[in-house]
Amino acid sequence: MTDRERILLAHGGGGQLSRELIDREIVSRFGAGPLEGLPDGATVPVEGDAVVFTTDSFVVQPIEFPGGNIGDLAVHGTVNDLAVCGAKPRWLSLALILEEGLELALLRRVLDRIKIAADDSGVVVATGDTKVVARGQCDGLFINTSGIGERLPGFDLSPAHLQEGDRVLVSGPIADHGFAVLASRENIHIQNGPQSDSAPVHRLVQAAVEQAADIRFMRDPTRGGLASVLNEMVESAKVGIQIQEESIPVSPGTHAVSELLGLDPLHVASEGRLLMVCGTDAAPAILEAWQAMPEGGGAKDIGAVTKEAGRVVLETLMGGHRLIDVPRGELLPRIC
Amino acid sequence: MKYIDGFRNPGAAVALREDIQALSAKLPPSDRTTNIMEICGSHTMAVARYAIRDILPERIKLISGPGCPVCVTDAGYIDAAIELARRGITVVTFGDMLNVPGSETSLAAVRSEGCSIEVCYSPLHALELAKETPEQEIVFLAIGFETTMPPAMAIIDQAIRDGIDNLSLLVAFKLVPPALAALGSDPELQIDAFICPAHVSAIIGANAYEPFAGAGGVPCVIAGFEPLDILLGLKGILAQLVDGVAKVDNQYSRVVSAKGNKKAQALMEKYLDPADVSWRGIGVIPQSGLAMKEEWIEYDAEKRHDITVQIGKLNPACRCGEVIKGIASPFDCPMFGTTCTPGNPVGPCMVSSEGSCAAYYKYSR
């Protein structure tokens, strides 16, 4: 392999090589919209009464894992943060930090996935930046994306709106992303092992927009998993949550790896699942709509809001009840 | 995974719960609870994880006994390990031991001072380290019950064959049957039955419990770690109590045989002799441990490095000793969840992920 097929420090130097890299790899994929002509900033139109604005950085290791790569994550992570705020994702920034020596072929695979994921999520890469650092100063490739979304009408989301009896819905099997990355990192190769669930959840949000008035709160259970999100929701609330172990969807591959490693799927991240708390009457319609969609086929009603303030309780397979705790410290570093 | 799911089947759990309720109602009348003790860290965690206490009749008290090897390791042992590390010796240990408080400080604290303390997942790591660094003395912290003894002795066996002479063990091995005999005959504890440990039993065999489970003794059931295993074990115990018999009921026969693992036993017999040892929180139980035989003195870190494991000092407010014996629940300890948490443990039961206090903190605060 020649030097030309790897990232050189000069690719970030602002000169000829930088220009070539941007033209060939960035403009060719994303140059049609506000990025055209490479202005210093993007001017973008927005609709609605407010925008939602978010940012996230991605340092996953390995860069490619079963079911996706860092490119998918960098789009879905930010798109999903917008979606769970009740927004329609529209615009994305893309900042790349590349390590000297990175294979260009790998960068291309990542950018390809970014393009596919952005198109699928209805967002346009409007602005960006590329830096190259010397070997050893970052680990292959880091990405930051920021996103702007237009607020959808009808949503008024807050954990403070949770009421006793509300239903807790999850859009599909949990923890697949975390276990896919972990299995890949630990060289656990099993048949039908976990595949990352990295995907946009904005369509799931839009499918529930008719019930918006009855939707209390939404989150995507990423780092810390379902356990952390549920605990955060009721942390300062006057209510609690009880979920049924039997109802929690877990795919067979993830179940197998979780048993091998002794990690609870409740503590492990998903990157394409939606957790929603809604009124009892709205739940069946939302579930039905989700289950008819490819990304919501495994959706389940997993529990309810209780009056036990601040407590997240699991009814176990054996029928007993116990607390669901929040993992202490960082259970799995660098999974997104 | 279908294999495992079979041992967690909710329908089967309902049936077993009903059986347990029915048997419990037939127990002879008594003014106290029926006290059943398990002595295995994995049972402790499974009981908490599946909230099994929550589904038992009120009369049944399930006690998590001294089944976590870290929890019963005396503070003086930690002190000796720290002293070895401070002398420049590389100490290799399972991660659970790092944060266990010794009399003054912990291994984690002295590691941050620059002492060489290596965390391993297998004793083999200590052997490899000894091979790679022949100039450096390596001490492996050999603690645990019968389950961890064979792998620890296997590295010494290999070291002898390979002519490796910079590796030794700081031994604090504990035997389950003598501890059960001592706890079972302690009138203060009023233990009615034992759920015997699963993997320990795979090594020593079901027959090892016969001496104290026989006629007039304490009923024993050997049960696996899955929730249905534990419920089935409880059902078996209640059946014995209702019938007024005491025997060893092996319900984990898919793993445990009557005589155990002969190869593992041979390895232990070759290198180790019975000894009186101190259990943290309980005190010295005669012949309840194993120590290196005289003839293997150069692999015994105490002799090789001329260090004596003394009885250590405990935080006087810590009630781990009573928790381990089942006299106190973690909730009875004023430090539980306040000054003593998994992030800042005072007692060993909070340090080890298999400790009673850690299990209660995690699942039932």
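Model, not experiment: these values are computed from the prediction.

## Re the overall build of chain A
Part 1: Secondary structure summary: chain A contains 8 helices and 13 strands in total.
Part 2: Whereas a compact globule of 336 residues would reach a radius of gyration of roughly 20 Å, chain A reaches 21 Å, a difference of no more than 12%.
Part 3: Projected onto its principal axes, the C-alpha positions of chain A cover 65 × 50 × 35 Å.
Part 4: With 336 residues in all, chain A has 49% of them scored as buried.
Part 5: The long-range share in chain A, meaning contacts at least 24 apart out of those at least 6 apart in sequence, stands at 86%.

## Describing the overall build of chain B
Part 1: For chain B, the helix and strand inventory stands at 16 helices and 11 strands.
Part 2: The globule rule puts the C-alpha radius of gyration for 365 residues at 21 Å, and the 21 Å found for chain B is close to it.
Part 3: Counting the 365 residues in chain B, one finds 53% classified as buried.
Part 4: Look at the contacts in chain B between residues 6 or more apart in sequence, and 76% of them connect residues 24 or more apart.

## Concerning the sheet that holds strand 10 (residues 275–278) of chain A
All names here are of chain A.
Part 1: Taken in spatial order, the 7 strands make up an open sheet running 8-10-7-11-9-12-13, and their pairing is mixed. If you trace the sheet from one side to the other, it starts and ends with strand 8 (215–219) and strand 13 (321–323), each paired once. Between one strand and the next, the sheet's axes are offset by a mean angle of 25°, whatever the strand orientation.
Part 2: Bridge count for strand 7 (residues 167–170) against strand 11 (residues 300–306) is 4 bridges, and the pairing is antiparallel. Among the inter-strand pairings, Val-170 is bridged to a residue of strand 11, identified as Lys-300.
Part 3: Against the sheet, helix 8 (residues 283–291) contacts strand 7, strand 10 and strand 11, and its axis sits at roughly 5° relative to strand 7.

## Overview of the nonpolar core
Part 1: The biggest cluster of nonpolar side chains holds 131 residues, and the ones touching the most others in it are Ala81(B), Phe140(B), Leu169(B), Leu170(B) and Phe194(B).
Part 2: When sequence neighbours within four positions are dropped, the list of residues in contact with Phe194(B) reads Met37(B), Ile39(B), Leu180(B), Gly184(B), Val218(B) and Cys220(B).

## Things to note about the packing of helix 6 (residues 124–132) of chain B against helix 7 (residues 149–162) of chain B
All names here are of chain B.
Part 1: The contact between helix 6 and helix 7 brings their axes to 9 Å, and the two run at 25°. By the angle between their directions, the pair helix 6 and helix 7 is classed as roughly parallel. Crossing of helix 6 against helix 7: the hand is right-handed. Contacts from Leu-124, Ala-126, Leu-127 and Ala-130 in helix 6 reach Ile-155, Gln-158 and Ala-159 in helix 7.
Part 2: For the contact of helix 6 with helix 7, the per-class residue count stands at 6 nonpolar, 1 polar and no charged.

## Focus on the environment of Gln291(A)
Residues and elements named next belong to chain A.
Part 1: Inspection of the secondary structure assignment puts Gln-291 in helix 8.
Part 2: The spacing of Gln-291 and Asp-281 is 10 residues in sequence and 17 Å in space, taken between C-alpha atoms.
Part 3: With sequence-adjacent residues up to four places away left out, Gln-291 is seen in contact with Gly-296, Gly-297 and Ala-299.

## Some thoughts on the pairing of strand 12 (residues 312–315) of chain A
Residues and elements named next belong to chain A.
Part 1: Side chains Val-312 and Leu-314 project from strand 12 onto a buried face, and the interleaved Val-313 and Glu-315 project onto a face without burial.
Part 2: Inspection of the sheet shows strand 9 (residues 240–244) paired to strand 12 by 4 bridges, in the parallel sense. When the bridges of strand 12 are listed, Gln-244 appears paired with Glu-315.
Part 3: Note that strand 12 and strand 13 share 3 bridges and pair antiparallel. Counterpart to Leu-314 in the pairing with strand 13 is Arg-322.
Part 4: Linkage of strand 12 to strand 13, two consecutive antiparallel strands, is achieved through a turn of 5 residues, within which Gly-319 is found at a positive phi near 95°.

## Focus on the environment of Leu96(A)
All names here are of chain A.
Part 1: Mapped onto the elements of the fold, Leu-96 is located in strand 4 (residues 87–99).
Part 2: Taking the C-alpha atoms as reference points, Leu-96 and Ser-57, separated by 39 residues in sequence, lie 9.9 Å from one another.
Part 3: Beyond its immediate chain neighbours, meaning those up to four positions away, Leu-96 contacts Thr-130, Leu-141 and Ile-143.

## Some details on the sheet that holds strand 10 (residues 272–279) of chain B
Residues and elements named next belong to chain B.
Part 1: The mixed open sheet is built from 6 strands, whose spatial order is 4-3-5-6-11-10. Each end of this open sheet is capped by a strand with a single partner; those strands are strand 4 (117–120) and strand 10. Mean inter-strand twist for the sheet, computed between neighbouring axes without regard to direction, equals 25°.
Part 2: Note that strand 3 (residues 90–94) and strand 4 share 4 bridges and pair parallel. Within the sheet, the bridge partner assigned to Phe-94 lies in strand 4 and is Cys-120.

## Focus on the interface of chain A and chain B
Part 1: At the interface, 15 residues of chain A touch 21 residues of chain B.
Part 2: Elements with a minimum of two residues in the side of chain A that touches chain B: helix 7 (252–261) and strand 13 of chain A.
Part 3: Considering each element in turn, the side of chain A that touches chain B owes the most residues, 4 residues, to helix 7 of chain A.
Part 4: Its residues placed into classes, the side of chain A that touches chain B shows 5 nonpolar, 5 polar and 5 charged.

## Considering the environment of Ala328(B)
Residues and elements named next belong to chain B.
Part 1: Among the secondary structure elements, Ala-328 is positioned in the loop between helix 14 (320–325) and helix 15 (348–351).
Part 2: For the pair Ala-328 and Ile-55, spaced 273 residues apart in the sequence, the C-alpha separation amounts to 21 Å.
Part 3: Non-local contacts of Ala-328, meaning those with residues more than four positions away in its chain, are made with Arg-319, Glu-322, Val-323 and Cys-333.

## Structural notes on the packing of helix 1 (residues 16–30) of chain A against helix 3 (residues 104–121) of chain A
All names here are of chain A.
Part 1: The geometry of helix 1 relative to helix 3 is characterised by a closest axis approach of 10 Å and an angle of 15° between their N-to-C directions. Classed by the angle they form, the pair helix 1 and helix 3 counts as roughly parallel. Crossing of helix 1 against helix 3: the hand is right-handed. Residues Glu-25, Arg-29 and Phe-30 of helix 1 lie in contact with helix 3, whose contacting residues are Leu-107, Arg-108, Leu-111 and Lys-115.

## Describing unusual backbone geometry
Residue and element names in this part refer to chain A.
Part 1: Cis peptide bonds are those with omega within 30 degrees of zero, and the linkage from Gln-61 to Pro-62 qualifies with 0°.
Part 2: The phi angle at Leu-38 is positive, at roughly 50°, despite the residue not being glycine.
Part 3: Tracing the sequence through the fold places Leu-38 in the loop between helix 1 and strand 1 (51–58).
Part 4: Classification of Leu-38 by C-beta neighbours within 10 Å gives partly exposed; the count is 13.

## Examining helix 7 of chain A
Residue and element names in this part refer to chain A.
Part 1: Inspection of helix 7 places Gly-253, Thr-254, Ala-256, Val-257 and Ser-258 among the buried residues, and these make up the whole buried set.
Part 2: On its buried side, helix 7 packs onto helix 4 (176–185).
Part 3: Gly-262, located one to two residues past helix 7, shows a positive phi value of around 70°.

## Focus: the confidence of the model for chain B
Part 1: Here chain B averages 91 in pLDDT, while 99% of its residues score no lower than 70.
Part 2: With pTM at 0.83, the complex prediction returns an ipTM value of 0.77.

Reading the values: rules and limits
Residues numbered from 1 in each chain as written. Chains lettered and ligands numbered in written order. Predicted model: local features only at pLDDT ≥ 70, side-chain atom pairs only at ≥ 80, totals over all residues. Helix = DSSP H or I, 4+ residues; strand = E, 2+ residues; numbered from the N terminus. Rg over C-alpha atoms; globule rule 2.2 N^0.38 Å. Buried ≥ 20, exposed ≤ 12 C-beta atoms within 10 Å, placed from the backbone. Contact = placed C-beta atoms within 7 Å. Pairing = 2+ DSSP bridges. Axes fitted to C-alpha atoms, helices over the stretch in contact; angles between N-to-C directions. Core = buried A, V, L, I, M, F, W, Y, C linked by C-beta atoms within 7 Å. Parallel < 35°, antiparallel > 145°, perpendicular 65-115°, else oblique. Left-handed = near helix turned anticlockwise from the far one by under 90°. Nonpolar A, V, L, I, M, F, W, Y, C, P; charged D, E, K, R; others polar. pLDDT = per-residue confidence, 0-100.

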